[in-house]
Structures are given as structure tokens and as C-alpha cells.
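Observations on the model geometry
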Amino acid sequence: MVNTNGHPVRILLVEDDNNIGRIIELAMRSINTPYEFESVLSAEEALERWEAQPFDLLISDYNLRGMNGVRLVKTLRERGYYPATLMVTAYDSAEVRQAVKEAAIDSYMTKPFFIDELIENIKQLLPANQQMRERIING
């Protein structure tokens, strides 16, 4: 599956735990679609990478050093980017769920999660579904 400009899907993971990041990166091999995958440790680094070349899908931890994952999504949207988004967190609470809902984040998972569930979530957020989202956003 390719994005709207005919290139492999670009996926950015923002996860400050290297072990979890590596597990997710390895699991991504099972999505069976061409993709480019990058991983960064902070929201600030994610913004730098995004400005250099935008991504199609953002997978972010909620609790990051510095800016949290919800603030990252809001900042991207303020800058005119509307990627498909998946938020993961080990700190599930009513407040976090409300923040995720208010930010209109597409999908939310709590840690620990099963890798199969993560991959299914990612597949649901890939370009075919993203193109539908863009049509809705752009009217």
C-alpha cells in the first residue's frame, strides 16, 4: 500500500523507551505493506523530522520527556498536518482518555498490549482509511 503520492507509507514512532520502540519496529514487519519507518525518542525530535518530510502515520507514546504525545498531535495540527494517529500509554486514566478524545486522536491503546492488536490498529490507520479521513476533513 502506498500513500497518496505513490510512495511507501511513512510511519513515525515516538517512544522514549528503546526496548518498546524496538519491539514495535520488529512487529511492523508483519503489516505486509511497503513502508518507511523512523523512530525518535521525543516529541521535539518528531517535530524536527516532520518538518523535514511529513509522515502518513504517527504512533506516539503519551508520556514523553518534555512535550507529551497529545500536545505533539495538537502541534502538528496547528502546523497544518493531519496524520492518522495512534496513541499508546502505560498511564491510562480518565484525564488521559479525555485529552486523547479532545485531540481527535484516531486510536488509543494501553500498555501492555498484544503485538497482534497493535498491528491490527496500525493496519486500520493505513492510507486507504487515511484517504477517507482526508475526504471528510477537506470536505
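Further up the page is the structure itself.
Residues numbered from 1 in each chain as written. Predicted model: local features only at pLDDT ≥ 70, side-chain atom pairs only at ≥ 80, totals over all residues. Heavy atoms only, no water.

Broken down by element type, the chain carries 6 helices and 5 strands. Looking at the chain residue by residue over its 139 residues, the buried ones come to 47%. Within the chain, residue pairs in contact and separated by at least 24 positions form 65% of the contacts whose partners lie at least 6 positions apart. Accessible surface, the chain: about 7400 Å² in total, of which carbon and sulfur atoms supply 49%. (Helix = DSSP H or I, 4+ residues; strand = E, 2+ residues; numbered from the N terminus. Buried < 20%, exposed > 50% of the residue type's maximum accessible area, 1.4 Å probe, protein only. Contact = heavy atoms within 4.5 Å. Areas by Shrake-Rupley, 256 points an atom, 1.4 Å probe, with all protein chains shown as cover.)

A word on the sheet that holds strand S2 (residues 35-40). The parallel open sheet is built from 5 strands, whose spatial order is S2-S1-S3-S4-S5. Each end of this open sheet is capped by a strand with a single partner; those strands are S2 and strand S5 (107-110). Neighbour-to-neighbour, the strand axes of this sheet turn through a mean angle of 15°, independent of strand direction. Helix H3 (residues 69-78) rests against strand S1 (9-14), strand S3 (57-61) and strand S4 (84-89) of the sheet, and its axis sits at about 150° to S3. (Pairing = 2+ DSSP bridges. Axes fitted to C-alpha atoms, helices over the stretch in contact; angles between N-to-C directions.)

Ranked by size, the top nonpolar core spans 24 residues in total, and within it Leu12, Val14, Leu58, Val70, Leu72 and Met87 carry the most contacts. Ignoring any residue separated from it by four or fewer positions in sequence, one finds leucine 58 in contact with Leu12, Val14, Trp50, Leu72, Val73, Leu76, Pro83, Ala84, Thr85 and Leu86. Counting residues in each nonpolar core, the second largest holds 20 residues, with Ile24, Ile31, Ile59 and Ile122 among its members. (Core = buried A, V, L, I, M, F, W, Y, C linked by side-chain atoms within 4.5 Å.)

Another aspect to go through is the pattern of salt bridges. Under the criterion given, the structure shown has 10 salt bridges. Arginine 10 is paired through a salt bridge with glutamate 36; the nearest N and O atoms lie 2.9 Å apart. Here arginine 10 is found in strand S1, whereas its partner glutamate 36 is found in strand S2, with 26 residues between them in sequence. When its relative accessible area of 7% is taken as the criterion, arginine 10 is described as buried. Its relative accessible area of 34% is what places glutamate 36 among the partly exposed residues. Arginine 22 is paired through a salt bridge with glutamate 25; the nearest N and O atoms lie 3.6 Å apart. (Salt bridge = Lys/Arg side-chain N within 4 Å of Asp/Glu carboxyl O.)

Contact pair helix H2 (residues 43-52) / H3: the axes reach a minimum separation of 10 Å and the direction vectors enclose 25°. Between H2 and H3, the crossing angle belongs to the class labelled roughly parallel. Note that H2 runs across H3; the crossing there is right-handed. In this structure, H2 uses Ala43, Ala46, Leu47 and Trp50 to contact H3, whose residues at the interface are Leu72, Thr75 and Leu76. Taken together, the residues of the contact of H2 with H3 sort by class into 6 nonpolar, 1 polar and no charged. (Parallel < 35°, antiparallel > 145°, perpendicular 65-115°, else oblique. Left-handed = near helix turned anticlockwise from the far one by under 90°. Nonpolar A, V, L, I, M, F, W, Y, C, P; charged D, E, K, R; others polar.)

This brings us to the side chain of threonine 85. The topology assignment puts threonine 85 in strand S4. Residue class for threonine 85 comes out buried when judged on its relative accessible area of 1%. The contacts of threonine 85, once residues within four sequence positions are left out, are Leu57, Leu58, Val73, Arg77, Ala104, Ile105, Asp106, Ser107 and Leu125.

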